[in-house]
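In case you want the letters, here they are:
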Amino acid sequence: MSIERYVLATYFENMLIYANVIMKQLSQGRYQLLRKDDAGKGRSQQGLELDVFDQESGNIRSIKTLSGGESFKAALSLALGLSRMVQDYAGGIELNTLFIDEGFGSLDSQSLDQAMNCLMELHHENKLIGIISHVSDLKDRIERQLVVERKQKQSVIQMI
């Protein structure tokens, strides 16, 4: 492993500590993200790939085996974990805005509740969370909305 890859893998491992706090919450303690030590077949990304430990089965498996909703939870955990790590490491830098584009459609109602609770906690920490989605269940849960509709060959924006 090159020195550059070693440094990246070390930062990646630290970021996973932050991400796993969120993943634990979103998966009700079922999943833990793990850095894969060896590269996949024909891959040169040694140390920068992910596995997942499934608490229910006790097995470690590829992150690629997660369902759509579980993959969304993993991606959200990684994004939020990276944001928190940057804030902690970079003294004084605050990342107060997060935009999430889609992904909510792959969640069942319980997972949607867990994701929204996690995002509401961020909102209470004075973070601005933007959600771009077509999931109608979200409309009732989001206090302020910027709705874009197509009317007569033009887009109309309405603040609700």
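Located above this text is the structure these notes cover.
Small disclaimer: the values here were computed from a predicted structure and weren't measured.

Novice: What am I meant to see in the packing of helix 1 (residues 3–26) against helix 3 (residues 109–124) here?
Specialist: Geometry of a packed helix pair, given as the angle between the helix axes and the separation of the axes. Between helix 1 and helix 3, the shortest axis-to-axis distance is 9 Å and the interhelical angle comes to 135°. In terms of orientation, helix 1 and helix 3 fall into the oblique class. In this structure, helix 1 uses I22, Q25 and L26 to contact helix 3, whose residues at the interface are Q114, A115, N117, C118 and E121. Of the residues assigned to the contact of helix 1 with helix 3, the class counts are 4 nonpolar, 3 polar and 1 charged.

Novice: Where do I start with helix 3 in this structure?
Specialist: Residue pairs three or four apart in sequence face the same way in an α-helix, which turns once every 3.6 residues. In this model, helix 3 (16 residues) spans 22 Å end to end at C-alpha, consistent with the 22 Å of a helix rising 1.5 Å per residue. All of the buried residues along helix 3 are S111, L112, Q114, A115, M116, C118, L119 and L122. Measuring from the side-chain oxygen of the N-cap residue of helix 3 to the backbone nitrogen of Q110 gives 3.1 Å; that N-cap residue is D108.

Novice: I keep staring at the packing of helix 2 (residues 68–89) against helix 3 and nothing clicks. Help me out?
Specialist: As a packed pair, helix 2 and helix 3 sit with axes 12 Å apart at the nearest point and diverge in direction by 15°. By the criterion of interaxial angle, the relationship of helix 2 to helix 3 is roughly parallel. Both helix 2 and helix 3 take part in a crossing whose hand is left-handed. Side by side, helix 2 and helix 3 meet where K73, L76, L80 and R84 of the first sit next to S111, Q114, A115, C118, L119 and L122 of the second. In terms of residue class, the contact of helix 2 with helix 3 is made up of 6 nonpolar, 2 polar and 2 charged.

Novice: Explanation requested: the pattern of salt bridges in the structure shown.
Specialist: Pairing of side chains with opposite charge becomes possible as their charged atoms draw close. Under the counting rule described, the total for this entry stands at 6 salt bridges. Notably, a salt bridge pairs D54 with R61, separated by 3.3 Å at the nearest N-O pair. By relative accessible area, R61 is classed as partly exposed at 22%. A salt bridge links R141 to D113; the shortest N-O distance between them is 2.6 Å. Residue R141 is located in the loop between strand 5 (128–132) and strand 6 (146–151), and its partner D113 is located in helix 3; the two are separated by 28 residues in the primary sequence. Given the relative accessible area of 33%, R141 is considered partly exposed. We classify D113 as partly exposed; its relative accessible area is 35%. Bridged by salt links that share partners, the residues R30, D54, E56 and R61 form one connected network.

Novice: Would you mind showing me how to read the layout of surface pockets here?
Specialist: It is a probe the size of a water molecule, rolled over the atoms, that shows where empty space is left. In this structure, the largest pocket occupies an estimated 1000 Å³ of space. Taken together, 26 residues form the lining of the largest pocket, with I131, I142, R144, Q145 and L146 sitting closest to its centre. Every element with two or more residues in the lining of the largest pocket is listed here: helix 3, strand 5 and strand 6. For the lining of the largest pocket, the element with the most residues is strand 5, which contributes 5 residues. Among the residues making up the lining of the largest pocket, the classes are represented as 15 nonpolar, 5 polar and 6 charged.

Novice: What should I look at first to understand the packing of aromatic side chains in this one?
Specialist: For any two aromatic rings, the description comes down to two numbers: the centre-to-centre distance and the angle of the planes. The tally for this structure, following the rule as stated, stands at 2 aromatic pairs. Ring geometry for Y11 against Y89: centres 6.2 Å apart, planes inclined by 55°, an arrangement best described as tilted. Of this pair, Y11 sits in helix 1 while Y89 sits in helix 2, and the two are 78 residues apart along the sequence. A relative accessible area of 44% means that Y89 is categorised as partly exposed.

Quick notes on the rules
Residues numbered from 1 in each chain as written. Predicted model: local features only at pLDDT ≥ 70, side-chain atom pairs only at ≥ 80, totals over all residues. Heavy atoms only, no water. Axes fitted to C-alpha atoms, helices over the stretch in contact; angles between N-to-C directions. Helix = DSSP H or I, 4+ residues; strand = E, 2+ residues; numbered from the N terminus. Parallel < 35°, antiparallel > 145°, perpendicular 65-115°, else oblique. Contact = heavy atoms within 4.5 Å. Nonpolar A, V, L, I, M, F, W, Y, C, P; charged D, E, K, R; others polar. Expected span 1.5 Å × (residues − 1). Buried < 20%, exposed > 50% of the residue type's maximum accessible area, 1.4 Å probe, protein only. Polar contact = N/O pair within 3.5 Å; in protein donor to acceptor, adjacent residues only side chain to side chain. Left-handed = near helix turned anticlockwise from the far one by under 90°. Salt bridge = Lys/Arg side-chain N within 4 Å of Asp/Glu carboxyl O. 1 Å grid on protein atoms, 1.4 Å probe; cavity = no way out; pocket = protein on both sides within 12 Å on 5 of 7 lines; lining within 4 Å. Points joined across faces, edges and corners; volume = space filled by probe spheres on them. Phe/Tyr/Trp six-rings, centres within 6.5 Å; stacked < 30°, edge-to-face > 60°.

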